[in-house]
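One letter stands for each residue in the lines below.
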Amino acid sequence: MINELSLPNFGISISKLPNDLYIKIKDECLNYLNKEEFISGITSKNVPKHYYLDKCVNELFEFLSPIIRAYLEKYDYIKNFNFLAKSVPLAFTKPWFNFQKKSEFIPNHIHDGILSYTIWIQLPKLNETKEKRFDGCFEFHYNDIVGNIRRHLFFLDKTYEGKIILFPWNLAHCVYPFYDSEEIRISVSGNINLNNS
């Protein structure tokens, strides 16, 4: 008889925004011309421009709160931060959005905080073929039990519009460029921090 044991690990959580909230966020992103671009830790040539989301953030945080609570409970995630002497409330940082144009990319990076999220607002229609299997994809990178780098790839078609993914802040991820569409890829991201004030 063979017994197998899956070692503990953290996961990711995927949900769908309520349609009315999705429409409000999309509308704000599409009306970005009066917003000031900000410099992020990955700002560089061929990296999409970043802008802060200002409206409906409270509504977004209300939607996210039960998803975060469920994640923390499922994975007993706060115990990962064993430097805490007592329970500390969570705080949302200001979310941002970006516009990824043809041939632009988001390099492999991690976020700040304890949890992060990305919402896919608008995705270009792409043709998935063997040669283009990475085009426009979102990908996580992590180490397995023996130290090998593993990848989890999301081929982002139109069905992902309005979906939100929640993940540990230091889970490395990137977005590949696409080349066969003039459409703009829009995503919103943000972090959840510890409120030490």
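These remarks concern the structure in this document.

Reading the values: the criteria
Residues numbered from 1 in each chain as written. Predicted model: local features only at pLDDT ≥ 70, side-chain atom pairs only at ≥ 80, totals over all residues. Heavy atoms only, no water. Phe/Tyr/Trp six-rings, centres within 6.5 Å; stacked < 30°, edge-to-face > 60°. Helix = DSSP H or I, 4+ residues; strand = E, 2+ residues; numbered from the N terminus. Buried < 20%, exposed > 50% of the residue type's maximum accessible area, 1.4 Å probe, protein only. Lys NZ or Arg CZ within 6 Å of the ring centre and 35° of its normal. Pairing = 2+ DSSP bridges. Axes fitted to C-alpha atoms, helices over the stretch in contact; angles between N-to-C directions. Contact = heavy atoms within 4.5 Å.

Below, the discussion takes up the packing of aromatic side chains. Tallying each qualifying case throughout the model produces 19 aromatic pairs. With a centroid separation of 4.2 Å and 10° between ring planes, the pair formed by F61 and F92 is classed as stacked. With a gap of 31 residues between them, F61 in helix α2 (residues 57–75) and F92 in strand β4 (residues 90–92) connect regions that are remote in the sequence. Classification of F61 as buried rests on a relative accessible area of 13%. When the ring centre of Y52 is taken as reference, the NZ or CZ atom of K94 above it lies at 5.0 Å. Looking at K163, its charged tip hangs above the ring of Y160, at a distance of 4.9 Å from the centre.

Strand direction decides the pairing type here: strand β8 (residues 138–143) and strand β9 (residues 149–154), joined by six bridges, are antiparallel. Its bridge partner being in β9, F140 is matched across the sheet by H152. Remark: five residues form the turn of the hairpin made by β8 and β9, two consecutive strands paired antiparallel; G147 in that turn has positive phi of roughly 90°. Direction of pairing for β8 relative to strand β11 (residues 172–175): antiparallel, over a ladder of four bridges. Bridge pairing links F138 to V175 in β11.

If you trace the four strands from one edge of the open sheet to the other, you get β6-β11-β8-β9, paired in antiparallel fashion. The strands lining the two open edges of the sheet, one partner per strand, are β6 (106–109) and β9. Adjacent strand axes in the sheet meet at a mean angle of 15°, parallel and antiparallel pairs treated alike. Relative to β11, β6 runs antiparallel, the two sharing two bridges. Bridge assignment links I106 to a residue of β11, and that residue is V175.

Glancing now at the environment of E37. Among the structural elements, E37 can be located in strand β2 (residues 37–38). E37 has contacts with K49, H50 and Y51, leaving out every residue within four places of it along the chain.

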